[in-house]
Amino acid sequence: MSKILFKKRLSQDVYLMRLEAPLIAEEREAGQFIMLQVDNDYGERIPLTIADADKEEGSITIIFQVVGKSTDELSKMVEGDNVPTLVGPLGTPTHIENFGRVVCVGGGIGVAPLHPIAQALKNAGNHVTIIIGARNKELIILEEEMKAIADEFIVCTDDGSYGRKDLVTAPLKEECEKSPKPDLAIAIGPPVMMKFCALTTKPYDVHTLVSLNTIMVDGTGMCGGCRVDVGGVVKFVCVDGPEFDGHKVDFDNMISRLNSYKAIERKDHDCHLEKAANEKEGQL
Amino acid sequence: MSHQSPEMLAEKAKELLVEYLARYDEMKPKEKMAIPAQPMREQDPDVRNKNLEEVAIGYTMEQARVEAMRCLQCKKQQCVADCPVEIDIPEFIKHVANGDIQTAIDVIKRTSLLPAICGRVCPQEAQCQMNCTVGKGLKDVNQAVAIGRLERFVADWEREQGVVKIPDVKPETGKKVAVVGSGPAGLVVAADVRREGHDVTMYEAFHKLGGVMRYGIPEFRLPNSIIDQELDTLDKMGVKIQTNFVVGRTRKLVDLIEKDGFDAVFLGTGAGLPIFMGIEGENLVGVFSANEYLTRANLMRAYDKDFADTPIYPSKNVAVVGGGNVAMDAARMAKRLGAENVYVIYRRTENEMPARNEEIHHAKEEGIQFHFLRNPKKIFGTEDGRVKAIEVTKFELGEPDASGRRRPIAIPGSEYIMDVDTVLVSIGNGSNPLISRTTPDMKVNKWGNITVDESQKTSMNKIYAGGDIVLGAATVILAMGEGRRAAAAINKQLKEEIEAGK
Ligand SMILES: Cc1cc2nc3c(=O)[nH]c(=O)nc-3n(C[C@H](O)[C@H](O)[C@H](O)COP(=O)(O)OP(=O)(O)OC[C@H]3O[C@@H](n4cnc5c(N)ncnc54)[C@H](O)[C@@H]3O)c2cc1C
Ligand code: SF4
Ligand code: FES
């Protein structure tokens, strides 16, 4: 059980929460995630990246977008409520060293997991260029925090409502063309964005890490639901990842696997809403 | 045999008991062997394959006593020798025959801690019942004394009386022991170590306790209420429980000793990492490990479609690959979740199947279709990446291999295609990598299983291990046996420390 210490709405359906979790705060490293459940009996286990941690307060920060029933319910919880199941830190931490020049690309909510990694890379002495992007201005998150870390900072929006009117791949390509080329690129965001970031850096042979957000059940290597094809080898994202060489990941397969339950989830979701509506009617 | 109604079986046993009681004391072995074996009372196959309730309903008192009367009370107790924890089988059965169930349970509990569970899931036909004199005499292992069913009856009786005895706990010693994992191995260690008065904390990665017994073995075979009962006993004994705690991640293994002051640690983290076949199409949507499918259905309650948030893949035609208990559970669960056709694809023949006989029998009754001597070659997908068919190769049995089983050999050109929308892979597990990856000093073998000495001690001081993490995917009773051995070693270590004034 973990108490919600602080909650803030970052954009239309993106929320930030600080949760009481002293042990996780102590052990976690950049790149790791937690799994949580909003209901111990019927809730599903959802993975969320640890965006930040405060050892003194004994808390971790998560940032999530409302995309389904569990995140919707989580977003409705308030400060002082308890999240019944919270487990972590899971996954292999990001390998941090002084690579030299690093480009960090964050798309939409992906900026949240990117933040601790960019911070750690900066602390290790890297020259850090940060590119963040979103569909529109309203969906840009953590701009100030990222700007504070970056040696160079670029914001793009798809519709041009803020910063450059571009996809993140455009400035990424420019960075690759500069001399010397980047020693490392890290891209975190929607699968399609990561796929195209990897395709962008490939011709320049810039090593590119991506952080995968597959479906998970246990998060400890027991079920294989999180598996992805990396260079023809099956890898389990929860224990082998979440970070992999973006040039080797089979993104198309990963994207179709992410949609495994799309049809059902929609239906379930409606069905729950229907039920709620019926209950209301019954009360009248 | 067609399904016999539970009521009829109960009535029949009542009559038989009256008849045999009158002359039990004078009965010769031959007469005892003529007593009809008592069938388990079961739900009708066509009803149960649509519900999650336990398939086997259990013996009545009369059935149990009649079945117990079949035991010959042999001098050379083959059944005891074949039981991994050496339960005094003829002794407990004698008390059942006499109707003294309390004494019977006391006898079992001298050596076994989880009889309600073992009675349900042990592979009896390969253990205690394998060489039973009665089965041998009748030339059919299925005619052996039904030791497992009797064990289950006795344990259920105790639970239903509400008189489950909480083991005595000795005065606190001040020593602290961490138990990692709450499967059968961990449960047994927690109980045995706590009994000696040591302070025990059990850590579990999941939000619910019980290990595979909770997330793998389905409700229709092992109801959760039975696991809850065992956990309740541990709770009453004062075992502390910490769920949502992944040792190696939430806390490093060595930190449990160095920072948290534990005097000993037991690792019962079970098998992990499901093995896939490595064939084309295995990452298509609709291919699952049996572990994932069963975890969704059991632990995450996806069978309860109206309430659970965790979805389960909707299937019409399902191929289950493998021949063990896990494959049987996955197949029968798929049927219960609404699949029309469930095919089990197994490389060898029925004789070689590692699953319990009873499960194979139940699966057939429930309409699962078996395709023996077949192996998948390739899985075909639709344009949007979903399973639409599976190609299988036919096999024949060749010469016996090292294990003595006849080796299956592929028949060239025998491939054919079956239309399926779901493939459940159940060909075994690797070992749970979390502890070894986060604990560089821990010695493991080439399959990643933790290596231990004969007292279950690992290569690291004060750290013991047992169950599937040591044996590879094995059984509940073997996990329990290893747990008992580890607990004895831990208790010995702590006793010596206390005596030395440490
Ligand atoms: C579907 C299925 C059906 C089966 N049917 C039978 C049967 O009929 N008969 C039979 O005898 N056997 C059966 N088995 C096998 C049997 O269940 C196992 O052999 C037995 O449960 C092993 O016990 P264990 O205590 O070693 O581990 P497990 O039961 O696997 O328990 C290990 C526990 O440790 C937890 N854990 C793992 N890592 C960590 C960590 N780092 N920190 C904290 N906790 C951790 C896990 O979450 C799990 O709860 C079946 C197995 C399956 C999967
Ligand atoms: S071998 Fe069979 S008949 Fe003999 S004591 Fe054991 S259970 Fe009874
Ligand atoms: S989530 Fe189950 S193995 Fe990764």
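Residues numbered from 1 in each chain as written. Chains lettered and ligands numbered in written order. Predicted model: local features only at pLDDT ≥ 70, side-chain atom pairs only at ≥ 80, totals over all residues. Heavy atoms only, no water.

**Let's talk about the overall build of chain B**
This is how the line gets drawn: Numbering of helices and strands starts at the N terminus; helices are DSSP runs of H or I of at least 4 residues and strands are runs of E of at least 2. Every radius of gyration here is taken over C-alpha atoms, with the globule rule written as 2.2 Å times N^0.38, N being the number of residues. Should any heavy atoms of two residues lie within 4.5 Å, those residues are considered in contact. With residues, only the protein chains shown are counted as cover, and all accessible areas are computed by Shrake-Rupley using a 1.4 Å probe. Only four residue types enter the tally: Lys and Arg on the positive side, Asp and Glu on the negative side; His and the chain ends are excluded. Charged side chains are reduced to one point each, which is NZ for Lys, CZ for Arg, CG for Asp and CD for Glu.
Across its full length, chain B carries 20 helices and 16 strands. The C-alpha atoms of chain B give 24 Å as radius of gyration, which agrees with the globular expectation for 502 residues (23 Å, within 12%). Its C-alpha atoms put chain B at 70 × 65 × 50 Å along the principal axes. Taking contacts inside chain B between residues at least 6 apart in sequence as the whole, the part at least 24 apart equals 69%. Total accessible area on chain B is roughly 20,500 Å²; 50% of this is exposed by carbon and sulfur atoms. Charge centroids of chain B, computed over 67 positive and 72 negative side chains, lie 3 Å from each other.

**So, the interface of chain B and chain A**
The figure often quoted for interface size is the accessible area lost as the parts come together. Selection rule: Using a 1.4 Å probe, buried area is obtained as the accessible area two parts lose upon being combined, added over both of them. Basic side-chain nitrogens of Lys or Arg form a salt bridge, by our definition, when they fall within 4 Å of a carboxyl oxygen of Asp or Glu. Polar contacts here mean pairs of N or O atoms no more than 3.5 Å apart (in protein, one a potential hydrogen donor and the other a potential acceptor; neighbouring residues in sequence count only if both atoms are side-chain atoms). All residues other than Ala, Val, Leu, Ile, Met, Phe, Trp, Tyr, Cys, Pro, Asp, Glu, Lys and Arg, Gly among them, are scored as polar; the first ten of these are nonpolar and the last four charged.
Listed as interface residues are 47 residues of chain B and, on the opposing side, 50 residues of chain A. Summing both partners gives a buried area of about 4,100 Å² for chain B against chain A, and 50% of it is carried by carbon and sulfur. When the area that chain B buries against chain A is broken down by residue, the three leading residues are Arg249, Asn283 and Asp309 of chain B, summing to 19%. Linking chain B to chain A there are six salt bridges. Ionic pairing is found between aspartate 240 of chain A and arginine 437 of chain B, a salt bridge with its closest N-O pair at 3.0 Å. Remark: the boundary between chain B and chain A carries 25 residue pairs in polar contact (both at pLDDT 80 or more). Elements represented by at least two residues in the side of chain B that touches chain A include exactly β5 (271–274), β6 (287–289), α15 (290–297) and α18 (434–438) of chain B. Per-element tally for the side of chain B that touches chain A: the top contributor is α15 of chain B, with four residues. Across the side of chain B that touches chain A, the residue classes tally to 20 nonpolar, 11 polar and 16 charged.

**Let's talk about the packing of helix α4 (residues 61–69) of chain B against helix α6 (residues 89–97) of chain B**
Residue and element names in this part refer to chain B. Applied cut-off: For every element, the axis is a line fit to its C-alpha atoms; helices are fit only across the contacting stretch, and the angle between N-to-C directions ranges from 0 to 180 degrees. Working definition: roughly parallel below 35 degrees, roughly antiparallel above 145 degrees, roughly perpendicular at 65 to 115 degrees, and oblique for all remaining angles. With the far helix as reference, a near helix turned anticlockwise by less than a right angle produces a left-handed crossing, and one turned clockwise produces a right-handed crossing.
Where α4 meets α6, the axes come as close as 8 Å, and the angle between the chain directions of the two elements is 130°. On the basis of the axis angle, α4 is oblique to α6. At the point where α4 passes α6, the crossing takes the left-handed sense. On α6, the residues touching Ala64, Arg65, Ala68 and Met69 of α4 are Ile93, Val96 and Ala97. A class-by-class count of the residues in the contact of α4 with α6 yields six nonpolar, no polar and one charged.

**Observations regarding the state of the cysteines**
All names here are of chain A. Rules: Note on terminology: disulfide denotes any pair of cysteine sulfur atoms within 2.5 Å. When a residue's accessible area, from a 1.4 Å probe over protein chains only, is under 20% of the maximum for its type it is buried; when over 50% it is exposed; and in between it is partly exposed.
In total, this model carries zero disulfides over all chains according to the counting rule given. Here cysteine 156 is not cross-linked by a disulfide; its sulfur's nearest cysteine counterpart is in cysteine 197, at 10 Å. A relative accessible area of 1% places cysteine 156 in the buried class.

**A few points about the sheet that holds strand β4 (residues 46–54) of chain A**
Paired through backbone hydrogen bonds, the strands of a sheet run either parallel or antiparallel to each other. Residue and element names in this part refer to chain A. Put simply, the rule is: The rule for pairing is simple: two strands pair if DSSP sees at least two bridges between them.
In spatial order, the strands read β6-β1-β2-β5-β4-β3-β7; together these seven strands make up an open sheet with antiparallel pairing. Strands with a single pairing partner mark the edges of an open sheet, and in this sheet they are β6 (82–83) and β7 (85–90). Where strand β3 (residues 33–37) meets β7, four bridges bridge the pair, whose relative direction is antiparallel. Opposite leucine 36, over in β7, you have leucine 86 as the bridge partner.

**Observations regarding the domain arrangement of chain B**
Residues and elements named next belong to chain B. Spelled out, the test is: Residue ranges assigned to the domains are those given by an automatic or database domain assignment.
Domain boundaries assigned for chain B yield domain 1 (6–161), domain 2 (176–272 + 430–499) and domain 3 (276–427). Summarising the inter-unit geometry, the C-alpha centres of domain 1 and domain 3 are found 32 Å apart. Listed by partner, the interface residues are 16 residues for domain 1 and 12 residues for domain 3. Both sides of the domain 1 and domain 3 interface together cover about 1,200 Å² of buried area, and 44% of this is carbon and sulfur.

**So, the site of ligand 1**
Residues and elements named next belong to chain B. For clarity, the cut-off: Note on definitions. A residue lies near a molecule or strand when any single heavy atom of the residue is within 4 Å of it.
Neighbouring ligand 1 are 35 residues, the closest being Val121, Glu204, Arg221, Val247 and Asp468. Alanine 185 is positioned with one of its backbone polar atoms (N or O) 2.9 Å from an oxygen atom of ligand 1. Compared with its free state, where it exposes 1,000 Å², ligand 1 has 96% of that area covered by protein. Elements that contribute at least two residues to the shell around ligand 1 include exactly α11 (184–195), α16 (325–336) and α20 (476–499). If you tally residues by element for the shell around ligand 1, the top one is α16, at three residues. Tallied by class, the residues present in the shell around ligand 1 amount to 18 nonpolar, 12 polar and five charged. Shared between two domains, the shell around ligand 1 holds at least three residues of each, these being domain 2 (176–272 + 430–499) and domain 3 (276–427).

**A look at the packing of aromatic side chains**
Aromatic ring pairs are defined here through the distance separating the ring centres and the angle between the ring planes. For clarity, the cut-off: Think of it this way: a Phe, Tyr or Trp ring, Trp meaning its six-membered ring, pairs with another when their centres are within 6.5 Å, and the plane angle makes it stacked under 30 degrees, edge-to-face over 60, tilted otherwise.
Under the defined criterion, the tally for this structure stands at nine aromatic pairs over all chains. Residues phenylalanine 236 of chain A and phenylalanine 276 of chain B carry aromatic rings whose centres are separated by 6.4 Å and whose planes lie at 85° to one another, so their mutual orientation is edge-to-face. Taken together, the positions of phenylalanine 236 of chain A in strand β15 (residues 233–236) and phenylalanine 276 of chain B in the loop between β5 and β6 put the pair across two chains. For phenylalanine 236 of chain A, a relative accessible area of 6% corresponds to the buried category. By relative accessible area, which is 14% here, phenylalanine 276 of chain B ends up buried. Ring centres of phenylalanine 288 of chain B and tyrosine 293 of chain B lie 6.4 Å apart, and the angle between their planes is 45°; on these two criteria the pair is classed as tilted. For the pair phenylalanine 288 of chain B and tyrosine 293 of chain B, one class covers both residues: buried. Three or more aromatic residues joined by ring pairs make a cluster, and in this case those are Tyr261 of chain A together with Phe288, Tyr293 and Tyr313 of chain B.

**Here we look at the sheet that holds strand β14 (residues 422–425) of chain B**
Residues and elements named next belong to chain B. Strand order in the open sheet formed by five strands is β6-β14-β7-β8-β9, with parallel pairing between adjacent strands. Two strands lie at the open edges of the sheet, namely β6 and β9 (369–372), each paired on one side alone. Pairs of neighbouring strands in the sheet enclose a mean axial angle of 20°, with direction left out of account. Where β6 meets β14, three bridges bridge the pair, whose relative direction is parallel. Looking at β14, one finds that phenylalanine 288 is bridged to leucine 424. Lying on the sheet, α15 is in contact with β6 and β14; it crosses β6 at an angle near 80°.

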